[in-house]
Amino acid sequence: MLTIAEIFSNLSFYQDNYLSIIQDPEQYQTAVEDAYIQVWPVGTQNLYLGDLLQLWFSDKWLINSPCQLLLDSYSKGRKQAFQRDHDLYLYQLNGSALSGRNNSKVWSISEHKKLAVSLDSVFKYLCIYKGTSRPEVDFAALTKSFKSAS
């Protein structure tokens, strides 16, 4: 399982190999720690390496619009207005499609760390995700690989 920090420490590798990764179901579906969508009332969906690369490299989950930086627990839930261009990569969408309230996670290129933010709309980012295409999984080959692994 990859971590977000590992992906960003090797970002040039993923940029160079992007097309081969998103076309190969096995590489596409590499699990990424803490990468998921949890939107009420829609439910929870894990995000894979291929999902994230498509969303990031198309600039669709690159947060360039204003958002609220959620300050640490010592600040008792305070928020701070926040905007950066080409710096914040969304990898965890967590909130309500109806109220819009959310506590999402991004990776900051400039700070080399994860940040908690409140976005303008979780529904918008959910719809963008739903619009991405994924490679078809060959279930016969998948079943065969599971059987050979046991």
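Refer to the structure above for everything that follows.
Keep in mind it's a predicted model, so treat the numbers as computed, not measured.

(A) Here's a closer look at the overall build of the protein. Helix and strand counts for the protein come out as seven helices and eight strands. Sequence-distant contacts, at least 24 apart, represent 58% of the contacts inside the protein between residues at least 6 apart. With an accessible surface of roughly 8800 Å², the protein has 52% of that area assigned to carbon and sulfur atoms.

(B) Quick look at unusual backbone geometry. Between Trp 40 and Pro 41 the backbone carries a cis peptide bond, its omega angle lying at 5°. Phi is positive for Asp 59, close to 65°, though the residue is something other than glycine. The topology assignment puts Asp 59 in the loop between helix H5 (49–57) and strand S3 (62–63).

(C) Spatial organisation of the side chain of Ser 108. Examined against the element boundaries, Ser 108 turns out to sit in strand S7 (residues 104–108). There is a polar contact of 3.3 Å between the side chain of Ser 108 and the side chain of Ser 110. The residues contacting Ser 108, other than those within four sequence positions of it, are Arg 84, Asp 87, Leu 88, Lys 113 and Leu 115.

(D) Representation of the packing of aromatic side chains in the model. Evaluated as defined, the whole model comprises six aromatic pairs. Taken together, the ring pairs connect Phe 8, Trp 56, Tyr 89 and Trp 107 into an aromatic cluster.

(E) View of the nonpolar core. In this structure, Ile 4, Trp 56, Trp 61 and Leu 93 are the most contacted members of the largest nonpolar core, which totals 40 residues. Sequence-distant contacts of Trp 61, that is, excluding residues within four places in its chain, are made with Ile 37, Leu 47, Leu 55, Trp 56, Leu 88, Tyr 89, Leu 90, Tyr 91, Leu 93, Tyr 125, Ile 128 and Tyr 129.

(F) Examining the pattern of salt bridges more closely. Under the definition given, this model contains four salt bridges. Residues Asp 34 and Lys 114 are paired through a salt bridge, measuring 3.7 Å at the closest nitrogen-oxygen approach. Of this pair, Asp 34 sits in strand S1 (residues 31–40) while Lys 114 sits in strand S8 (residues 113–118), and the two are 80 residues apart along the sequence. Residue Asp 34 is classed as partly exposed on the basis of its relative accessible area, which comes to 38%. Look at Lys 114 and you get partly exposed, because its relative accessible area is 37%. Here Lys 113 ties to Glu 111 by a salt bridge, and the two come within 3.6 Å at their closest N and O atoms. The partly exposed category is assigned to Lys 113, whose relative accessible area is 40%. Here Glu 111 falls in the partly exposed class, since its relative accessible area comes to 32%.

(G) Spotlight on the pairing of S7. The buried fraction of S7 is high, at four of five residues. Pairing analysis gives four bridges linking strand S6 (residues 88–96) to S7, with the strands arranged antiparallel. In the strand pairing of S7, Gln 92 is matched with Lys 105. For S7 and S8, the ladder comprises five bridges, and the chain directions are antiparallel. Pairing of Ser 104 across the sheet is with Val 117, part of S8. Taking the residues that link successive antiparallel strands as the turn, the S7-S8 hairpin has four residues, and the phi of His 112 there is positive, at about 55°.

Calculation criteria
- Residues numbered from 1 in each chain as written.
- Predicted model: local features only at pLDDT ≥ 70, side-chain atom pairs only at ≥ 80, totals over all residues.
- Heavy atoms only, no water.
- Helix = DSSP H or I, 4+ residues; strand = E, 2+ residues; numbered from the N terminus.
- Contact = heavy atoms within 4.5 Å.
- Areas by Shrake-Rupley, 256 points an atom, 1.4 Å probe, with all protein chains shown as cover.
- Polar contact = N/O pair within 3.5 Å; in protein donor to acceptor, adjacent residues only side chain to side chain.
- Phe/Tyr/Trp six-rings, centres within 6.5 Å; stacked < 30°, edge-to-face > 60°.
- Core = buried A, V, L, I, M, F, W, Y, C linked by side-chain atoms within 4.5 Å.
- Buried < 20%, exposed > 50% of the residue type's maximum accessible area, 1.4 Å probe, protein only.
- Salt bridge = Lys/Arg side-chain N within 4 Å of Asp/Glu carboxyl O.
- Pairing = 2+ DSSP bridges.

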